[in-house]
Amino acid sequence: MMVATGLVKRFTIGSTEVLAVDGVDLDIKKGDFDLITGVEGSGKSTLLGMLGGLTPPSEGNILLQGQNIWTLSGTRRAHLRATEISLIFSFSGLLPTLTVLENVMFPSVFAGTMVHIDKKAHRLLQLVGLSGKEDLGPDCLSPDEGIRASIARALINDPSIILADDPVRDLDPEKVTGIMEIFATIHREGKTIVLASRTTELESFAQRVMRMERGKLSEQIA
Ligand SMILES: Nc1ncnc2c1ncn2[C@@H]1O[C@H](COP(=O)(O)OP(=O)(O)OP(=O)(O)O)[C@@H](O)[C@H]1O
Ligand SMILES: [Mg+2]
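The structure presented is a predicted model; accordingly, all values stated were derived computationally and were not measured.

## Some remarks on the sheet that holds strand β10 (residues 216-219)
Consideration 1: Spatial strand order, β6-β7-β8-β3-β9-β10: 6 strands in an open sheet with mixed pairing. The two strands at the open ends of the sheet, each matched to only one other strand, are β6 (85-88) and β10. Each neighbouring strand pair of the sheet contributes to a mean axis angle of 20°, computed without reference to strand direction.
Consideration 2: The pairing of strand β3 (residues 33-37) with strand β8 (residues 192-197) spans 5 bridges and is parallel. Its bridge partner being in β8, D34 is matched across the sheet by V194.

As structure tokens, then:
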């Protein structure tokens, strides 16, 4: 599904160079639920940003279904991100001027699939436990409900792969399981998920656990 080889990302700040990702190879198979754990600054977000088509690698290649996402034109990569790759973050990123339902429908604009999209958005809001909140503004949602809405939004265009960058990081501990159960449900329904988190306690939800340390990724053998 997605194969990354020799991924390197360097950031230069003044005269210092930070090696955020240091030679990562990763083979994500269709239907995988992969967890990448690692402490603050280990390179998780940088890696997901490259896989997600937002952060250009310094070196290496990323193939999604055989297509090298970083040699495509910007327009084609944008289309790929609109249709095939969905990113979820630790903040909801909901637009404050749209209702919850409108926020969930919004990415369909980029994919050009707006017909009957409201039905689908209603269904997805039900899946993430937000039925009845469709017509409220994002400010009416609690932090964990905001993340739930962002998961629904990430699913609206039926992506092949979901990249979740520490979606539970800022949530109260008692809210974490509920969010992870949503990921487990969408995984059971066939979605491919790569979830990064500082928290190692999420391991039971994933099929494969990897550890990021100072830009290097290693698979954990249970
Ligand atoms: N845009 C940037 N410019 C410069 N340095 C950066 C940039 N983004 C990340 N870094 C550096 O790259 C390293 C990896 O950062 P990254 O954000 O990928 O880590 P992380 O594992 O996601 O951490 P966290 O758990 O805090 O989210 C850090 O040293 C960070 O300071
Ligand atoms: Mg991060």
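## As for the nonpolar core
Consideration 1: In this structure, L125, I151, M180, F183 and L195 are the most contacted members of the largest nonpolar core, which totals 37 residues.
Consideration 2: Elements with a minimum of two residues in this core: β3, α3 (100-105), α5 (117-127), α6 (143-155), β7 (161-165), α7 (173-188) and β8.
Consideration 3: Sequence-distant contacts of F183, defined by excluding residues within four places in its chain, comprise F33, I88, I151, I162, A164, P167, I193 and L195.
Consideration 4: Counting 28 residues, the second largest nonpolar core, distinct from the first, contains M2, I161, V194 and M212.

## Looking at a nonpolar patch on the surface
Consideration 1: On the surface, L95, F106, V109, F110 and M114 cluster together to form a nonpolar patch covering roughly 470 Å² of accessible area.
Consideration 2: You can see F110 is positioned in helix α4 (residues 108-111).
Consideration 3: Overall, the relative accessible area of 56% leaves F110 in the exposed class.

## Quick look at the site of ligand 1
Consideration 1: If you check the shell around ligand 1, you find 14 residues, and the closest are G41, K44, S45, T46 and R198.
Consideration 2: At 2.7 Å, a side-chain N or O of K44 approaches an oxygen atom of ligand 1.
Consideration 3: In this structure, an oxygen atom belonging to ligand 1 sits 2.8 Å away from a side-chain N or O atom of R198.
Consideration 4: Compared with its free state, where it exposes 630 Å², ligand 1 has 66% of that area covered by protein.
Consideration 5: Breaking the shell around ligand 1 down by element, the ones donating at least two residues are β1 (2-13), β2 (16-28) and α1 (44-51).
Consideration 6: Ranked by residues supplied to the shell around ligand 1, first place goes to α1 with 3 residues.
Consideration 7: Of the residues that constitute the shell around ligand 1, the class distribution is 5 nonpolar, 5 polar and 4 charged.

Rules used in this analysis
Residues numbered from 1 in each chain as written. Chains lettered and ligands numbered in written order. Predicted model: local features only at pLDDT ≥ 70, side-chain atom pairs only at ≥ 80, totals over all residues. Heavy atoms only, no water. Pairing = 2+ DSSP bridges. Helix = DSSP H or I, 4+ residues; strand = E, 2+ residues; numbered from the N terminus. Axes fitted to C-alpha atoms, helices over the stretch in contact; angles between N-to-C directions. Core = buried A, V, L, I, M, F, W, Y, C linked by side-chain atoms within 4.5 Å. Buried < 20%, exposed > 50% of the residue type's maximum accessible area, 1.4 Å probe, protein only. Contact = heavy atoms within 4.5 Å. Patch = residues over 30% accessible without salt bridge, like charges linked within 9 Å, V, L, I, M, F, W, Y side chains within 5 Å. Areas by Shrake-Rupley, 256 points an atom, 1.4 Å probe, with all protein chains shown as cover. Salt bridge = Lys/Arg side-chain N within 4 Å of Asp/Glu carboxyl O. Near = heavy atom within 4 Å. Polar contact = N/O pair within 3.5 Å; in protein donor to acceptor, adjacent residues only side chain to side chain. Nonpolar A, V, L, I, M, F, W, Y, C, P; charged D, E, K, R; others polar.

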